[in-house]
Amino acid sequence: MLVTAVLALTAALVAFVCVYMSWHFDYWKKRGIPSVNALSLTGDRGGGLPFNKSFWKILDPIYNKYKKQHAYVGMFQARRPVLVVLDPEMVKMVLTKEFSTFHGRGQPIDEENDPMSLNLFNLEGPRWKNLRSKLSPTFTSGKLKLMFPLMADLTDDLSGALTQLAATGEKGQVEMKDLLLRYATDVIGTVAFGIECNSLKNDKAEFHTMTREVFNRNLLFIIRFFLVSVHPIFMKLMPFKKLFSKCTNFFLNLMKDTVEYREENKIERNDFVNLMMQLRDQDRHVTDRLNHIEMTSDVMAAQAFLFFIAGLDSIANTVGFSLHELALNPELQQRAAEEVRALKAKHGGLTYEALRDMDLIERIIRESLRKWGPVGILTREPKEPFQLPETKAVVDKTCMVWIPVFQMAHDPEYFPDPERFDPERFTEESKAQRHPYTYLPFGEGPRFCIAERFAILEMKLCLAGMLDKHHFVVGDKTAVEIETDSRSFSPTPKGGFWLRVEQRAE
Ligand code: HEM
């Protein structure tokens, strides 16, 4: 009797889940929009959980199959309709021209249970606009110039750590990913939280350990991502808060302590914390809490935490992939090192101005972002019904829009011989020959990466600092054909970047 009841209940539950999950599956057909077969579990299905495919590659089959004939194609992520935009002009429309409709990313916010979700990346509407306009001045060239010395000091630490590791590593080989992550941790630690993390000097430093905690939860992130796309209620129902609370509390307390310490000791420093404290002081009189975000210490921590998440793996992988490509191309590496030495001599050191003038170094970074860019898909959510151009089809806020950044960056029509690493693609003449919306590592439109200039400066400094003193060569531990980790959200080398490191002659 009990067994029958359990079986009947299970069958009813399975039937309910099946109906619920497939309820919308005529969404595209009803609108006459070409679409991917939602029920096919293999082939061009695309969305869903990327268990067997890297997340940034899930759009490969769809892009290759539909790009030639269609400007967009419909698919599903879990049960949510997704419009994949394939034509650069239409990408421009979504990201820029029709920003008033496509201004959100559809990220869930849980102010009550997850204070870290109240960050610039997730916010939408007037509150996003208000915070974006306040935080933007942090990244002007004037502010970056003031922050530069904090970063430059760390480049010396990086060089020292690299020399030491090469001296003790088997045949001078060093795993670069871990080292670059420690560098990126120290940079964001000092500019976002205003503290010396010392990860480069001590690989057991608490900040580095806590950061690893955040990034080691890949599988949990994927499960959470999937469930929240089935229904946002999972954000509240699942015990994710508890799972992530150790890190959350660490960062919340850190920001609170930092702010208190600065207030008590009247400390002023050229970093994000200082800017956010100034914003908080300016905002004290504001009463309009619907359009306005109050700069409490939790809100400050949420922004600093976001800077942290955004600025670690992305930076470490981009510089790591650059070094890997340079080790495979010694002639290019030599030219890059010569540029560094020449501009260092001209400006009397690795100054802000020397970095600004490093054209080849910047093109290497931009090419690395094309070939191995950390953000493979951009997302937007239409906030009101939107009629697609030249049709009567209307999409609404139940659907998401995805931009296939990775696929466009590997499309031979825009980037001939796309697997070849070639910084010449980023000369002014080459850039002028292609549609600007085919290369989007930092996004585009009013919501492009707020820290693009900061990130480029940091990566140039890091790469230039290393090439100035060191020479990178393929060793017997180097995986010449990089195998990427399919569980990761962005291209990440399985086993890291192993390279043989030699001192460069003076
Ligand atoms: C290689 C480095 C980086 C890459 C490739 C990158 C890329 C991106 C992309 C693609 C977006 C979404 C843009 C869009 O939707 O149009 C974004 C947003 C954002 N990034 Fe970055 N990013 C990098 C580094 C950083 C760093 C170092 C920080 C902070 C210090 C940062 C902070 C942010 C923030 C706050 C947003 C949200 C902006 C908004 O919604 O207004 N990023 N980034």
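Residue numbering note: each chain is counted from 1, following its sequence as written. With the structure being a predicted model, the display of local features is reserved for residues of pLDDT at least 70 and the display and counting of side-chain atom pairs for 80 or more, all residues being used for whole-chain, interface and lining totals. Heavy atoms throughout the structure, all of them, feed into the side-chain values; hydrogens and water do not.

As named in an unreviewed UniProt entry, the chain is Probable cytochrome P450 6a14, taken from Thrips palmi. UniProt positions are given in the numbering used here, feature names are shortened, and annotations may be inferred rather than shown by experiment. In UniProt, the chain has this text filed under Cofactor (unreviewed entry): "heme".

Trainee: For this particular structure, what's the right way to read the coordination of the iron atom of the ligand?
Mentor: Around a metal, the perfect tetrahedron of four donors has angles of 109.5 degrees, and the perfect octahedron of six donors has angles of 90 or 180 degrees. Coordinating donors are taken to be N, O and S atoms lying within 2.8 Å of the metal, or within 3.2 Å when the metal is Na, K or Ca; because water is excluded from the atom set, some sites may appear incomplete. Protein coordination of the iron atom of the ligand is limited to a single donor, Cys 449 (SG), positioned at 2.4 Å. The helix and strand labels rest on DSSP assignments: H or I over at least four residues marks a helix, E over at least two residues marks a strand, and numbering proceeds from the N terminus. Here Cys 449 lies in the loop between helix H19 (428-432) and helix H20 (452-469).

Trainee: What am I meant to see in the nonpolar core here?
Mentor: If you look at soluble globular proteins, the nonpolar side chains tend to sit buried side by side. Membership of the largest hydrophobic core comes to 145 residues, with the highest contact counts inside it found for Leu 83, Met 176, Phe 251, Ile 403, Phe 454, Met 466 and Phe 472. Any two residues whose heavy atoms approach within 4.5 Å at even a single point are treated as in contact. If sequence neighbours within four positions are ignored, Leu 83 has contacts with Trp 28, Ile 33, Tyr 72, Val 73, Met 90, Leu 388, Cys 399, Met 400, Val 401 and Trp 402. What is meant by a nonpolar core is a set of buried Ala, Val, Leu, Ile, Met, Phe, Trp, Tyr and Cys residues, joined one to another through side-chain atoms within 4.5 Å. The buried label applies to any residue whose accessible area, calculated with a 1.4 Å probe on protein chains only, is under 20% of its type's maximum; exposed applies above 50%, and partly exposed to all values in between.

Trainee: Would you explain the pattern of salt bridges in this entry?
Mentor: Close approach of charged atoms allows side chains of opposite charge to pair. What counts as a salt bridge is simple: a side-chain nitrogen of Lys or Arg found within 4 Å of a carboxyl oxygen of Asp or Glu. For the structure shown, the criterion picks out 34 salt bridges. Of the charged contacts in the structure, one is a salt bridge between Glu 424 and Arg 363, with a shortest N-O distance of 2.9 Å. Here Glu 424, found in the loop between helix H18 (405-409) and H19, pairs with Arg 363, found in helix H17 (residues 359-372); they are 61 residues apart in sequence, far enough to count as distant. On the basis of relative accessible area, Arg 363 is assigned to the buried category, the value being 10%. We note a salt bridge from Arg 425 to Glu 367, for which the minimum N-O separation is 3.0 Å. Taken as a pair, Arg 425 in the loop between H18 and H19 and Glu 367 in helix H17 lie far apart in primary sequence, 58 residues in all. Pair check on accessibility: Arg 425 and Glu 367 agree, each one buried. In this structure, a network of salt bridges that share partners links the residues Arg 80, Glu 124, Glu 381 and Lys 383.

Trainee: So what exactly am I meant to see when it comes to a nonpolar patch on the surface here?
Mentor: There is a patch of nonpolar side chains on the surface, built from Leu 328, Val 474 and Val 480 and spanning about 200 Å² of accessible area. Along the chain, the position of Val 480 falls in the loop between strand E8 (470-473) and strand E9 (498-503). Each patch is built from residues lacking any salt bridge and having more than 30% relative accessible area; the joining distance is 9 Å for like charges and 5 Å for nonpolar side chains (Val, Leu, Ile, Met, Phe, Trp, Tyr). All accessibility values rest on the Shrake-Rupley procedure with a 1.4 Å probe; residue burial counts only the protein chains present in the view.

Trainee: Would you explain helix H7 (residues 176-193) in this entry?
Mentor: Counting along an α-helix, one turn takes 3.6 residues, and residues three or four places apart therefore face a common direction. Under the convention used throughout, the expected extent of a helix is 1.5 Å for every residue step, that is, one less than its residue count. Taking 1.5 Å per residue as the helical rise, H7 with its 18 residues ought to reach 26 Å, and the 25 Å between its terminal C-alpha atoms agrees with that figure. Burial runs high along H7: 17 of the 18 residues are buried. Between the side-chain oxygen at the start of H7 and the backbone nitrogen of Lys 177 there is a gap of 2.7 Å, and the oxygen is on Glu 175. Gly 194, located one to two residues past H7, shows a positive phi value of around 65 degrees. Polar contact criterion, stated in full: a pair of N or O atoms within 3.5 Å, where within protein one must be able to donate a hydrogen and the other to accept it, and residues adjacent in sequence count only if both atoms are side-chain atoms.

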